[in-house]
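# Observations on chain architecture
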Amino acid sequence: MNTHMIFFDIDGTLMDEETHTVPQSTVRSLRQARENGHLIFLCTGRCKNIWPGEVMEIGFDGVVGGCGTNIFYHGEELLHTSLDPALQREIADDLIRFHIDGVLEGKDKTYFRRDYWMPVVQGIHKENGIFSVQCQLFWEEEEQLEFDKMALWFDESSDMKSFKEKYEDRFDFILRDPTFYEIVPKGYSKATGIAFLCRQLGIHKEYTMGFGDSTNDLPMLEYTEISVAMGNGNPDIFPSVDYVTAPVMEDGIEKALKKFGMI
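A brief look at the structure comes next. (Residues numbered from 1 in each chain as written. Predicted model: local features only at pLDDT ≥ 70, side-chain atom pairs only at ≥ 80, totals over all residues. Heavy atoms only, no water.)

### Here's the deal with the nonpolar core
- Ranked by size, the top nonpolar core spans 27 residues in total, and within it I6, F8, L30, F211 and L257 carry the most contacts.
- Among the secondary structure elements, those contributing two or more residues to this core are β1 (5-8), α1 (24-35), β2 (39-43), β11 (208-212), β12 (226-229) and α8 (252-259).
- Contacts of I6, omitting those with residues within four sequence positions, involve A33, H38, L39, I40, F41, M209, F211, L257 and M262.
- In terms of nonpolar packing, the next biggest core, distinct from the first, is built from 21 residues, L95, L104, M160 and Y167 among them. (Core = buried A, V, L, I, M, F, W, Y, C linked by side-chain atoms within 4.5 Å. Buried < 20%, exposed > 50% of the residue type's maximum accessible area, 1.4 Å probe, protein only. Helix = DSSP H or I, 4+ residues; strand = E, 2+ residues; numbered from the N terminus. Contact = heavy atoms within 4.5 Å.)

Dropping the structure here:
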C-alpha cells in the first residue's frame, strides 16, 4: 500500500465539541494508521498556543496550524507567516471601534478583549486558560501584538459590515455560523498547508485524505484525494465530500479509515 498523508481537523472531528474528549476508537485507529506506514497530521484552524494536550498525546507526524499559516513536521517548524505589527494594532483597535468580540490567535499568544461579552467567547476564554497563561492577555494593554488570524463573533451591537468591508481585500472571511467569522490572511488555507507539505515531502496529492466537519474544512476536503465529513458536521459540506462517516462519538474516524483501507 502506498503511504498516504491523512489530515484531521480537531474540533468536531477528532474531539467531540460537547464533551471535549477524543474517543478511544479514534486514538486506536490513528495509531494503527501510523503503524501501517501512513503519515498523520492535524489540520486545524487552531494556532499552536491552543492545541489541546489530549489530542497532541495521540502522536502526529506534523501539523498544519492556523488554517495554513503555521506548519510543522516532526517537531520542526517549516512555515510561519505573521501579520505586519502595524496592521495587527489597527485590527485590534478597529475591533474595539466596531464593537466586535472574539479571539486574536497567534503561535505563542491568544488575545481577548477586556470586556468580552459573547457567551461563546466567554467559554473559549475559560477553556484556553487551561492551555497557557499567555491566553490571559488582553489586547488593549499590549503595545506589540503577536497574532496570525482571528475568530470573531458579533451581535446586533456590532458593526461587522464596516469591519469586513475594510479588511476583506486582505483576509478571507469564513462564515462558520450567522454570528461567527474565522478570518485568515489571503493566500492561506488548510489546502495551501497540505499542498506545501506535499511539495516538501514529495508525496503526490493522489495520496492525501482529509477529515473535517465544518465550512473552514472545505478547502482541505476539496483538495485531498479522499474527503470525509463527520456525521455530526455541518450538512452544508456533505455534498462536497466523498463519504459522510458516523459522528465523532460513534467511531466515525475508525469506520472511515477501515472503509478506505488505511487500517
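And the narrative resumes.
### So, the pairing of strand β8 (residues 149-153)
- In terms of residue burial, β8 counts as a mostly covered element, since five of its five residues are buried.
- As defined by bridge partners, strand β6 (residues 101-105) adjoins β8 across five bridges and the pair is classed as antiparallel. Residue pairing in the sheet places L104 in a bridge with M150 of β8. (Pairing = 2+ DSSP bridges.)

### Concerning the sheet that holds strand β9 (residues 171-177)
- Spatially, the five strands line up as an open sheet ordered β7-β6-β8-β10-β9, and their pairing is antiparallel. Edge positions in the open sheet fall to β7 (110-112) and β9, since each of these has one partner strand only. The sheet shows a mean angle of 20° between the axes of neighbouring strands, taken without regard to direction.
- With three bridges connecting them, β6 and β7 associate as antiparallel partners. (Axes fitted to C-alpha atoms, helices over the stretch in contact; angles between N-to-C directions.)

### Thoughts on the pairing of β2
- When you tally the buried positions in β2, you get five out of five residues, the bulk of the element.
- On β2, burial covers both faces: L39, F41 and C43 on one face and I40 and L42 on the other are all buried.
- The pairing of β1 with β2 spans four bridges and is classified as parallel. Bridge pairing links I6 to I40 in β2.
- Assessed by its sense of winding, the connection that carries the chain from β1 through α1 to β2 is right-handed.
- Across three bridges, β2 lies against strand β3 (residues 62-65) in parallel orientation. Within β3, the position partnered with C43 by the bridge is V64. (Right-handed = clockwise from strand over helix to strand, strands pointing away.)

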